[in-house]
Amino acid sequence: MKKVIVIGAGILGASTAYQLAKMGADVLIVDRKDKGQATDAAAGIICPWLSQRRNQAWYQLAKAGARYYPILINELQSEGETETGYAMVGALSIHEDLGKIEKMEERARTRKEDAPEIGEITQLNERDTQEQFPLLLEGYHSVHISGAARIDGRALRDALIRSAVRNGAVLNEGDAKLQYESNCVTGVTVGTDSYSADAVIVCAGAWATQLFQPLGIHFQVSYQKAQIMHLEVAEQHETGSWPVVIPPTDQYLLSFDNQKIVIGATHENDIEDYDTRITAGGMQEILNKGIALAPGLVNSTFQEVRVGFRPFTPGFLPVIGNVPGWAGLITANGLGSSGLTMGPFIGSQLAKLALGMELDINVNDYDVQKAMENS
């Protein structure tokens with residue numbers, strides 16, 4: 001039985017550990033429970049098909065991630081994990097400019113040719129758009145994508161960890177440090193305890209740089225702070241089946257059961273020292289943009305703000321694979337704001353890589369060397 005240690009229990013590490021445990025590996029998960037973990041704060045929209053990003057390597061990864069979700073959720077449900085935070089509720093991509101709506105629909109129909117999971121594509125007028133999400137400002141047209149979904153990152157991570165543990169994985173809360181001899185990583189230490197492994201997979205997101213430093217590797221990962229607000233609307237609204245809302249700005253609206261609406265998020269760069277404070281300016285930005293989109297939120301009840309750090313690697317493209325020059329060391333990072341879309345699928349690929357199995361992607365497109373500088 002192959003021994004594998006996964007460092008980091010966000011969506012990426014949790015899904016990697018889940019897949020490894022299901023495939024019979026001896027799995028240890030180590031996580032420090034740092035404040036600001038991206039997954040702990042994130043609520044995501046699974047709808048990559050409308051993106052205007054031109055990087056095909058990014059799009060292929062996002063598309064594969066969206067396609068993989070129903071498979072994963074069915075697996076978890078078969079194991080009794082019904083609280084995954086996932087629901088295929090569809091998405092409304094809204095705009096006041098009808099010409100932009102028509103281009104959006106055209107893009108969606110083109111992409112449906114190799115992504116049938118996009119589902120039905122429907123252009124909606126102003127009245128029908130507002131009927132789908134009654135809190136919206138009047139005047140928006142939309143393209144409705146039936147195959148889109150929303151996800152609560154915290155709920156899915158917890159379901160993956162529970163299932164991994166049921167399948168034999170061990171979860172250890174602590175500060176992992178890499179053990180190595182020459183250019184071979186042999187395991188980790190956690191406090192005074194030492195654990196050996198055939199492979200160590202680093203899924204540490206915004207904190208990866210400090211893990212690699214003792215090896216003489218300067219791993220280039222930056223992070224962007226996101227503040228995300230949770231509100232509760234009046235009881236007459238049955239929000240659980242409302243579609244997610246994708247506006248032309250950098251904000252979003254997601255609805256969950258029990259009258260919960262999530263709005264966000266801020267995109268704060270140049271943050272020092274993992275600043276997890278909830279700020280007045282961040283809250284103001286979220287509310288100003290959110291209420292401008294959906295004036296019906298003005299009388300909602302504030303519940304909480306969550307803070308997370310989105311990790312980015314150079315070129316804003318994830319890196320995935322074996323760490324060059326080091327045996328027994330694998331990593332993935334830089335998922336950015338697409339972490340919930342891509343994370344479970346990338347976890348399945350990391351598990352296969354650790355076990356010497358054939359992958360479903362060309363890892364050369366996500367070369368880890370691009371994020372490395374030898375010091």
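So, here is what we can say about the structure in this document. (Residues numbered from 1 in each chain as written. Predicted model: local features only at pLDDT ≥ 70, side-chain atom pairs only at ≥ 80, totals over all residues. Heavy atoms only, no water.)

### Describing the overall build of the chain
Thinking step 1. Along the chain, the regular secondary structure elements total nine helices and 22 strands.
Thinking step 2. Over its C-alpha atoms the chain spans a radius of gyration of 21 Å, differing by no more than 12% from the 21 Å that the globule rule assigns to 375 residues.
Thinking step 3. When the backbone C-alpha atoms are referred to their principal axes, the chain occupies close to 65 × 45 × 40 Å.
Thinking step 4. Contacts in the chain between residues far apart in sequence, at least 24 positions, make up 74% of those at least 6 positions apart. (Helix = DSSP H or I, 4+ residues; strand = E, 2+ residues; numbered from the N terminus. Rg over C-alpha atoms; globule rule 2.2 N^0.38 Å. Contact = heavy atoms within 4.5 Å.)

### Re the packing of helix α3 (residues 56-78) against helix α6 (residues 153-166)
Thinking step 1. Across the interface, α3 lies against α6 with an axial gap of 11 Å and an inter-helix angle of 55 degrees. One way to sum up the angle between α3 and α6 is to call them oblique. In this structure, α3 crosses over α6, and the sense of that crossing is left-handed. Here Tyr69, Leu72, Ile73 and Leu76 of α3 come into contact with α6, specifically with Leu156, Ala159, Leu160 and Ser163. (Axes fitted to C-alpha atoms, helices over the stretch in contact; angles between N-to-C directions. Parallel < 35°, antiparallel > 145°, perpendicular 65-115°, else oblique. Left-handed = near helix turned anticlockwise from the far one by under 90°.)

### Points about the side chain of Glu105
Thinking step 1. Structurally, the position occupied by Glu105 is in helix α4 (residues 98-112).
Thinking step 2. For Glu105, a relative accessible area of 16% corresponds to the buried category. (Buried < 20%, exposed > 50% of the residue type's maximum accessible area, 1.4 Å probe, protein only.)

### Considering the nonpolar core
As a rule of thumb, soluble globular proteins bury nonpolar side chains together.
Thinking step 1. Counting residues in each nonpolar core, the largest one holds 78 residues, and the members touching the most others are Leu20, Val27, Trp49, Ile145, Ile346 and Leu350.
Thinking step 2. Residue contributions to this core peak at twelve residues, all from α3. (Core = buried A, V, L, I, M, F, W, Y, C linked by side-chain atoms within 4.5 Å.)

### What about a negative patch on the surface?
Thinking step 1. The grouping of Glu96, Asp97, Glu102, Glu126 and Glu138 at the surface amounts to a negative patch.
Thinking step 2. As for its placement among the helices and strands, Asp97 is situated in the loop between β5 (91-95) and α4. (Patch = residues over 30% accessible without salt bridge, like charges linked within 9 Å, V, L, I, M, F, W, Y side chains within 5 Å. Areas by Shrake-Rupley, 256 points an atom, 1.4 Å probe, with all protein chains shown as cover. Salt bridge = Lys/Arg side-chain N within 4 Å of Asp/Glu carboxyl O. Lys, Arg positive; Asp, Glu negative; His and termini not counted. Charge placed at Lys NZ, Arg CZ, Asp CG, Glu CD.)

### Concerning the state of the cysteines
Thinking step 1. Scanning the model with the defined rule gives zero disulfides in all.
Thinking step 2. Unpaired in terms of disulfides, Cys203 finds its nearest cysteine sulfur in Cys184, a separation of 18 Å.
Thinking step 3. Here Cys203 falls in the buried class, since its relative accessible area comes to 8%. (Disulfide = S-S within 2.5 Å.)

### Quick word on the pairing of strand β21 (residues 329-333)
Thinking step 1. Extensive coverage of β21 is indicated by the burial of five of its five residues.
Thinking step 2. Residue alternation in β21 divides its side chains into two sets, Leu329, Thr331 and Asn333 and Ile330 and Ala332, and both sets are buried.
Thinking step 3. Here strand β20 (residues 319-322) pairs with β21 via four bridges, running antiparallel. Across the sheet, the residue bridging to Asn322 is Ile330, located in β21. (Pairing = 2+ DSSP bridges.)

### Section: the packing of helix α1 (residues 11-22) against α6
Thinking step 1. With their axes 8 Å apart at the nearest point, α1 and α6 run at an angle of 25 degrees to one another. It follows from the interaxial angle that α1 and α6 lie roughly parallel. Crossing geometry of α1 relative to α6 is assigned as left-handed. Within the contact between the two elements, α1 uses Ile11, Ala14, Ser15, Ala17, Tyr18 and Ala21 and α6 uses Leu156, Arg157, Leu160, Ile161, Ser163 and Ala164.
Thinking step 2. Of the residues belonging to the contact of α1 with α6, the class tally is nine nonpolar, two polar and one charged. (Nonpolar A, V, L, I, M, F, W, Y, C, P; charged D, E, K, R; others polar.)

### Section: the sheet that holds β20
Thinking step 1. Pairing is mixed in the open sheet, where six strands are placed in the order β9-β2-β1-β13-β21-β20. In this open sheet, the two edge strands, each paired with only one partner strand, are β9 (170-173) and β20. Neighbour-to-neighbour, the strand axes of this sheet turn through a mean angle of 15 degrees, independent of strand direction.
Thinking step 2. Seen against the sheet, α1 touches β1 (3-7), β2 (26-31), β13 (199-202) and β21 and runs at an angle of roughly 165 degrees to β1.
Thinking step 3. The sheet strands contacting helix α9 (residues 339-354) are β1, β13, β20 and β21, and the helix crosses β21 at an angle near 170 degrees.

### Comments concerning α6
Residues separated by three or four positions in an α-helix point in the same direction, a consequence of the helix having 3.6 residues per turn.
Thinking step 1. With 14 residues, α6 ought to run about 20 Å at 1.5 Å a step, and its terminal C-alpha atoms sit 20 Å apart, in line with that.
Thinking step 2. Among all positions in α6, only Gly153, Leu156, Arg157, Ala159, Leu160, Ile161, Ser163 and Ala164 are buried.
Thinking step 3. The backbone nitrogen of Arg154 lies 3.0 Å from a side-chain oxygen of the residue at the head of α6, namely Asp152.
Thinking step 4. Looking one or two residues past α6, Gly168 carries a phi angle of roughly 110 degrees, positive in sign. (Expected span 1.5 Å × (residues − 1). Polar contact = N/O pair within 3.5 Å; in protein donor to acceptor, adjacent residues only side chain to side chain.)

### Side note on the packing of aromatic side chains
Thinking step 1. Taken as a whole and assessed by the stated rule, the structure comprises eleven aromatic pairs.
Thinking step 2. Ring geometry for Trp207 versus Phe309: centroids 6.1 Å apart, planes at 70 degrees, classification edge-to-face. Residue Trp207 is located in the loop between β13 and α7 (208-212), and its partner Phe309 is located in strand β19 (residues 301-312); the two are separated by 102 residues in the primary sequence. Both residues of the pair, Trp207 and Phe309, count as buried.
Thinking step 3. Taken together, the aromatic side chains of Trp207, Tyr223, Tyr274 and Phe309 make up a single cluster linked through ring pairs. (Phe/Tyr/Trp six-rings, centres within 6.5 Å; stacked < 30°, edge-to-face > 60°.)

### Quick look at α9
Thinking step 1. The largest bend in α9 is about 25 degrees, located at Phe345.
Thinking step 2. Positive phi shows up at Gly356, right after α9, with a value of about 75 degrees. (Bend = angle between axes of the 7 residues up to and from the residue.)

### Structural notes on unusual backbone geometry
Thinking step 1. Here the residue pair Gly264 and Ala265 is connected by a cis peptide bond, since its omega of 0 degrees sits within 30 degrees of zero.
Thinking step 2. If you trace the backbone, Ala265 turns up in the loop between β18 (260-264) and α8 (280-293).
Thinking step 3. Look at Asp270: it is not a glycine, yet its phi comes out positive at around 55 degrees.
Thinking step 4. For Asp270, a relative accessible area of 75% gives the class exposed.

Note that every value here comes from positions in space, so none of it alone points to a role or purpose.
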